[in-house]
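Analysis of the macromolecular model
This is what each chain is made of:
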Number of protein chains: 2
Amino acid sequence: MAGGIGSRFWPLSTAETPKQFIDVLGCGRTLIQLTVDRFESICPIENVWVVTNAAYMGIVKEQLPGIPQSNILCEPCRRNTAPCIAYVSWKIKKQNPKANIAVTPSDHIVMDVPEFRKIIKKSLDFTAMSDAILTLGMKPTRPETGYGYIESDLTPTITKGIYRVDSFKEKPDIDLTKEYIKRDNFYWNSGIFIWNVNTVVNAFRIYQPEIARIFESMLPDFYTDREQQLINEKFPTCPNISVDYAIMENAEDIYVCPADFGWSDLGTWGSLFSVKSKGVHGNVAIGNNINICQSNNCLVYSKEEKKVVVIGMNDCIIAEQDDKLLVCRMSDEQLIKNFTD
Amino acid sequence: MAGGIGSRFWPLSTAETPKQFIDVLGCGRTLIQLTVDRFESICPIENVWVVTNAAYMGIVKEQLPGIPQSNILCEPCRRNTAPCIAYVSWKIKKQNPKANIAVTPSDHIVMDVPEFRKIIKKSLDFTAMSDAILTLGMKPTRPETGYGYIESDLTPTITKGIYRVDSFKEKPDIDLTKEYIKRDNFYWNSGIFIWNVNTVVNAFRIYQPEIARIFESMLPDFYTDREQQLINEKFPTCPNISVDYAIMENAEDIYVCPADFGWSDLGTWGSLFSVKSKGVHGNVAIGNNINICQSNNCLVYSKEEKKVVVIGMNDCIIAEQDDKLLVCRMSDEQLIKNFTD
């Protein structure tokens, strides 16, 4: 899933080049490239699918030249994750009704890739032989109010390390999150889902018949010259709804696989700051010519050949990209989205 | 005098384009243009002389097209103000031994130009009919340790508002400056001098015979094709010394004209901040697309078409120019010069 615009990550992330297409970590690979890299030993590149906005088609092709062009699906408009997942699921089902699928955002990061692969393999094994809807649950490390939480049942299932989901808790308040992180069976909802193609298509038929009907009606024309035109007409008629609301909170047979592979959704500058290793003064510098003096706990980002001098600053974000500059107190980062273009 | 490099004003001021050639105030005129503008009704443009470094010859011609090219003098290297003033004084004396001269830095600002002109006219009248060395003294408004101070005699002279100088106090410590600003007869040394050409040349002969000898020896070749070559050879042999040390602190007949025309030497970002008018939160924004939110007492400078967003910052300088960015706590600005190129 590569259609988001990451507005809280301004000025790095813009509608023109959202953060999945940017080398946020300063490691030489963009977030979407790192996402595809993570599946290297799990999924051959010709079986990787990308659903993105029509505006980003060119960037996707450029950054992921190994992916067959026919596997890059274009949404004519943004309709959240449910229509996006429905589109690619109906496409895949027509080609291979036995497909087993992992769905992932393209702008998250994973620090421990071997552990990630172990978890994904176990999850795919589980959904290959069951009709389970499986979600990955991240062990929470702080009372984060920006995430959804998953409450699991404690009873073991037939597969070790996979549990039934009792309930989803959408973005709870700070007091609730403090309670949740004390408990053993609460996890962050990573937005990574594993299921076989029949399970997901059936789930749409049952819980989102309106969306199912739209894609069912286009099915005969998928893989023909008429597909894109039909999508352009009918995709916008889909309800704007996340897969969490559309399926997860309604379905019965939902499972969670708890995982701990150094995950972050990189939703904000603070989350990038928290995953980067820091110098003695707690600063993070991403760039080639950044000079930090008498400053603590600052995140400084400037990938261009810009000489940046930071003197006497504490707890702030300094981020520079093209014709945009942000200087923001770390605790005020929720205000950034008010200034995006 | 336009040969300085203004290193405390980085990144706006660089060795390539020092601050006298920059529109620091954001008013559409550079500091050197504003300096020449101030003398408009006092001195015809063909009598304006600029002494600058060879590297800035092109910028001077471009920014001051009205000045005769032969009035732009090139120092082959930086030797502080005494050799600079000696050069132009010997030049002017050869052309017009009755010249009456005002010497001024090109990178200072004056808010009240009519008052400035009144003071300069009075000063020129005074030196036209006397051998006085006259300096302008600025009424101090704060205990500034970066300036030199002038202590005047309280006895009236024949010209109202002009006093004899008792002593010069070079950059005193903070306790002394606090004492000085309580007294009526202490002034900041503005670095603006008024004298007739014979007075200044004689002062060099008496107090700086070494410098006088160097320029005396070149005099026959001034205004010939050989002048620049001679200057290139001999100017570097001048001692590196300010006119304050070379003449002021030695000479006898020194006068001060106290003045109050909203002067600043713009030596630092803080001094620019102090002269600009501020919004309700005390911020100063110089630029076309600067957005400041929940911030107080910040100076934000970005003349380029850059979108700047500042959130939750207090008492800091944010300055951006070409491939350079500074973010600095206001009280740490003395550290800036350590990071200049």
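Residues numbered from 1 in each chain as written. Chains lettered and ligands numbered in written order. Predicted model: local features only at pLDDT ≥ 70, side-chain atom pairs only at ≥ 80, totals over all residues. Heavy atoms only, no water.

1. Some thoughts on the side chain of A:T135
All names here are of chain A.
- Residue position: T135 is located in strand 5 (residues 133-138).
- What makes T135 buried here is its relative accessible area of 0%.
- Residues contacting T135, with those up to four places away along its chain left out, are I150, V165, F168, N189, I192, F193, I254, Y255, V256 and C257. (Helix = DSSP H or I, 4+ residues; strand = E, 2+ residues; numbered from the N terminus. Buried < 20%, exposed > 50% of the residue type's maximum accessible area, 1.4 Å probe, protein only. Contact = heavy atoms within 4.5 Å.)

2. Some details on the interface of chain A and chain B
- Of the residues lining the interface, 31 residues belong to chain A; the matching set on chain B comes to 31 residues.
- Carbon and sulfur atoms make up 63% of the surface buried where chain A meets chain B, a total of about 2600 Å² over both sides.
- Linking chain A to chain B there are two salt bridges.
- With a shortest N-O distance of 2.5 Å, A:E320 and B:K306 are connected by a salt bridge.
- There are 20 residue pairs in polar contact (both at pLDDT 80 or more) connecting chain A and chain B.
- Among the elements of the structure, strand 12 (290-293), strand 14 (307-311), strand 15 (316-321) and strand 16 (324-329) of chain A are those that each provide at least two residues to the side of chain A that touches chain B.
- The greatest single-element share of the side of chain A that touches chain B, amounting to six residues, is contributed by strand 16 of chain A.
- Here the residues of the side of chain A that touches chain B sort into 16 nonpolar, five polar and 10 charged.
- Note that strand 16 of chain A and strand 14 (residues 307-311) of chain B share five bridges and pair parallel. (Buried area = accessible area lost by both parts, 1.4 Å probe. Salt bridge = Lys/Arg side-chain N within 4 Å of Asp/Glu carboxyl O. Polar contact = N/O pair within 3.5 Å; in protein donor to acceptor, adjacent residues only side chain to side chain. Nonpolar A, V, L, I, M, F, W, Y, C, P; charged D, E, K, R; others polar. Pairing = 2+ DSSP bridges.)

3. Here we look at the relation of the copies chain A and chain B
- Once chain A is rotated about the relating axis by 180° and shifted along it by 0.1 Å, it coincides with chain B to within an RMSD of 0.1 Å. This pairing of chains is accounted for by a two-fold axis. For chain A, the residue whose C-alpha comes nearest the rotation axis is A:V327, separated from it by 4.1 Å.
- Comparing contact sets, 100% of the residues at the interface of chain A also lie at the interface in chain B, consistent with an isologous, same-surface contact. (Least-squares fit on C-alpha atoms with pLDDT ≥ 70 in both.)

4. Quick notes on the environment of B:D107
All names here are of chain B.
- Among the secondary structure elements, D107 is positioned in the loop between strand 3 (100-103) and strand 4 (109-110).
- For D107, a relative accessible area of 16% translates into the label buried.
- Residues D107 and N185, 78 residues apart in the sequence, show an inter-C-alpha distance of 26 Å.
- Among residues more than four places away in sequence, those in contact with D107 are K19, Q20, L31, T35, D265 and L266.
- Within polar-contact distance, the side chain of D107 engages the side chain of K19 at 3.0 Å.

5. Regarding the sheet that holds strand 14 of chain A
- Taken in spatial order, the six strands of this open sheet run 12(A)-14(A)-16(B)-15(B)-13(B)-11(B), and their pairing is mixed. With partners counted over all chains shown, the strands left at the sheet margins are strand 12 of chain A together with strand 11 (284-287) of chain B, one partner each. Between one strand and the next, the sheet's axes are offset by a mean angle of 5°, whatever the strand orientation.
- By the bridge criterion, four bridges tie strand 13 (residues 299-302) of chain B to strand 15 (residues 316-321) of chain B in an arrangement that is parallel. Residue B:S302 lies in a different strand from strand 15 of chain B, and its bridge partner there is B:E320. (Axes fitted to C-alpha atoms, helices over the stretch in contact; angles between N-to-C directions.)

6. Focus: the confidence of the model for chain A
- Mean pLDDT over chain A: 94, with 100% of residues reaching 70 or higher.
- Across the whole predicted complex the pTM is 0.80, and at the interface the ipTM reaches 0.78. (pLDDT = per-residue confidence, 0-100.)

7. Observations concerning the nonpolar core
- Core analysis: the biggest nonpolar cluster contains 46 residues, and B:I85, B:W90, B:I133, B:W195, B:F204, B:F215 and B:I247 have the highest contact counts within it.
- Sort the elements by how many residues they give to this core and helix 3 (residues 81-95) of chain B lands first, with eight residues.
- When neighbours within four sequence positions are excluded, B:I247 is seen to be in contact with B:I133, B:A203, B:F204 and B:I254.
- One finds A:W49, A:V197, A:V200 and A:M218 within the second-largest nonpolar core, a separate group that totals 44 residues. (Core = buried A, V, L, I, M, F, W, Y, C linked by side-chain atoms within 4.5 Å.)

8. Some thoughts on the pattern of salt bridges
- Going through the model one piece at a time under the given rule, you end up with 28 salt bridges over all chains.
- Two residues, A:D323 and A:K324, come together in a salt bridge whose shortest N-O distance is 3.0 Å.
- Overall, the relative accessible area of 38% leaves A:D323 in the partly exposed class.
- Among the ionic pairs, B:D37 bridges to B:R29, the shortest N-O distance being 2.8 Å.
- What you see here is one network of salt bridges that share partners, running through A:K306, A:E320, B:K306 and B:E320.

9. Regarding the environment of B:D131
All names here are of chain B.
- When you line up the elements, D131 lands in the loop between helix 4 (113-128) and strand 5 (133-138).
- In this structure D131 comes out as exposed when scored by relative accessible area, which is 58%.
- Put simply, D131 and N202 are 71 residues apart on the chain and 9.6 Å apart in space, counted from C-alpha to C-alpha.

10. Let's talk about the sheet that holds strand 11 (residues 284-287) of chain A
- Spatial ordering of the open sheet is given by 11(A)-13(A)-15(A)-16(A)-14(B)-12(B), a layout of six strands whose pairing is mixed. Sheet topology places strand 11 of chain A together with strand 12 (290-293) of chain B at the edges, where each strand pairs with a single neighbour. The mean angle between the axes of side-by-side strands here comes to 5°, regardless of whether they run parallel or antiparallel.
- Direction of pairing for strand 12 of chain B relative to strand 14 of chain B: parallel, over a ladder of four bridges. Of the residues in strand 14 of chain B, the one forming a bridge with B:N291 is B:V309.

11. Here we look at the side chain of B:R38
All names here are of chain B.
- Of note, R38 is situated in helix 1 (residues 31-38).
- Here R38 occupies a buried position and makes no salt bridge, while the nearest side chain of opposite charge, D37, is found at 7.9 Å.
- In this view, R38 contacts H108, I109, V110, V113, F116 and R117; residues no more than four positions away in its chain are not counted. (Lys, Arg positive; Asp, Glu negative; His and termini not counted.)

12. Some points on the state of the cysteines
- Evaluated as defined, the whole model comprises zero disulfides over all chains.
- Distance from the sulfur of A:C43, which forms no disulfide, to the nearest cysteine sulfur (A:C84) is 16 Å.
- The class of A:C43 is partly exposed, set by a relative accessible area of 22%.
- B:C77 takes part in no disulfide bond, and the closest cysteine sulfur, belonging to B:C238, lies 8.2 Å away. (Disulfide = S-S within 2.5 Å.)

13. Some thoughts on the packing of helix 3 of chain B against helix 6 (residues 197-207) of chain B
Residue and element names in this part refer to chain B.
- Remark: helix 3 packs on helix 6, axes separated minimally by 10 Å, with the N-to-C direction vectors making an angle of 130°. Taken together, the axis directions place helix 3 and helix 6 in an arrangement best described as oblique. The crossing of helix 3 and helix 6 is left-handed. Contact residues: helix 3 offers A82, I85, A86, S89, W90, I92 and K93, while helix 6 offers V197, N198, V200, V201, F204 and R205.
- Considered class by class, the residues forming the contact of helix 3 with helix 6 number nine nonpolar, two polar and two charged. (Parallel < 35°, antiparallel > 145°, perpendicular 65-115°, else oblique. Left-handed = near helix turned anticlockwise from the far one by under 90°.)

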